[in-house]
Amino acid sequence: MSRADWDALLPNYETIEAMSPEKLEAAGQAAEDYGMNIGFGIAAIGNLLAGTATNDDHGLDPDAMSDLGWLLETLGKLSAKLADTGNGIRARRAAIQED
């Protein structure tokens, strides 16, 4: 079994090339919107972590911190893949408009 990767879920170059202009627009908007949401979510997690770390009554659970670390790694990879997908979609839309 191969390792899980966001590439299996998001469109690759060939798929982007075959998309209609309407699907390109929808996919581009989704990549932009989801990318922004992930960024804001990561910022919110950072805010919560900073608040929790300075709270003397409730310490940080090591298991929860480990899980959070893996979540942030995964979200970072997804965010990068969404940006890459969005760039490919924008390039394809620009090429279509030139034709």
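Read on for an overview of the structure. (Residues numbered from 1 in each chain as written. Predicted model: local features only at pLDDT ≥ 70, side-chain atom pairs only at ≥ 80, totals over all residues. Heavy atoms only, no water.)

### Looking at the overall build of the protein chain
Here comes step 1: Within the protein chain, the secondary structure is distributed over 3 helices and 0 strands.
Here comes step 2: Starting at the N terminus and ending at the C terminus, the protein chain contains elements arranged as α-α-α.
Here comes step 3: Over its C-alpha atoms, taken along the principal directions, the protein chain stretches across nearly 65 × 35 × 15 Å.
Here comes step 4: Classification of the 99 residues of the protein chain by burial places 19% in the buried group.
Here comes step 5: When contacts within the protein chain are restricted to residue pairs at least 6 apart in sequence, those whose partners lie at least 24 apart make up 79%. (Helix = DSSP H or I, 4+ residues; strand = E, 2+ residues; numbered from the N terminus. Buried < 20%, exposed > 50% of the residue type's maximum accessible area, 1.4 Å probe, protein only. Contact = heavy atoms within 4.5 Å.)

### A look at helix 3 (residues 62–98)
Side chains that are three or four residues apart share a direction in an α-helix, a result of its 3.6 residues per turn.
Here comes step 1: Taking 1.5 Å as the rise per residue, helix 3 with 37 residues should run 54 Å; its terminal C-alpha atoms sit 54 Å apart, in good agreement.
Here comes step 2: Buried residues of helix 3: Leu 68, Leu 75, Leu 78, Lys 81, Leu 82, Thr 85, Gly 86, Ile 89 and Arg 92, and no others. (Expected span 1.5 Å × (residues − 1).)

### Quick word on the layout of surface pockets
Left-over empty space is what a probe sized like a water molecule reveals as it rolls over the atoms.
Here comes step 1: Empty space within the largest pocket amounts to approximately 240 Å³.
Here comes step 2: Residue classes in the lining of the largest pocket are distributed as 3 nonpolar, 1 polar and 5 charged. (1 Å grid on protein atoms, 1.4 Å probe; cavity = no way out; pocket = protein on both sides within 12 Å on 5 of 7 lines; lining within 4 Å. Points joined across faces, edges and corners; volume = space filled by probe spheres on them. Nonpolar A, V, L, I, M, F, W, Y, C, P; charged D, E, K, R; others polar.)

### Focus on the pattern of salt bridges
Pairing between side chains becomes possible if they bear opposite charge and their charged atoms approach one another.
Here comes step 1: Following the criterion strictly, the structure yields 3 salt bridges and no others.
Here comes step 2: Between Glu 17 and Arg 92 there is a salt bridge, and its shortest N-O distance comes to 3.8 Å. Residue Glu 17 is found in helix 1 (residues 13–18), and its partner Arg 92 is found in helix 3; the two are separated by 75 residues along the sequence. (Salt bridge = Lys/Arg side-chain N within 4 Å of Asp/Glu carboxyl O.)

### Let's talk about the side chain of Thr 85
Here comes step 1: You can see Thr 85 is positioned in helix 3.
Here comes step 2: Owing to a relative accessible area of 5%, Thr 85 belongs among the buried residues under this scheme.
Here comes step 3: Among all residues touching Thr 85, those that are not within four sequence positions of it are Leu 10, Pro 11 and Ile 16.

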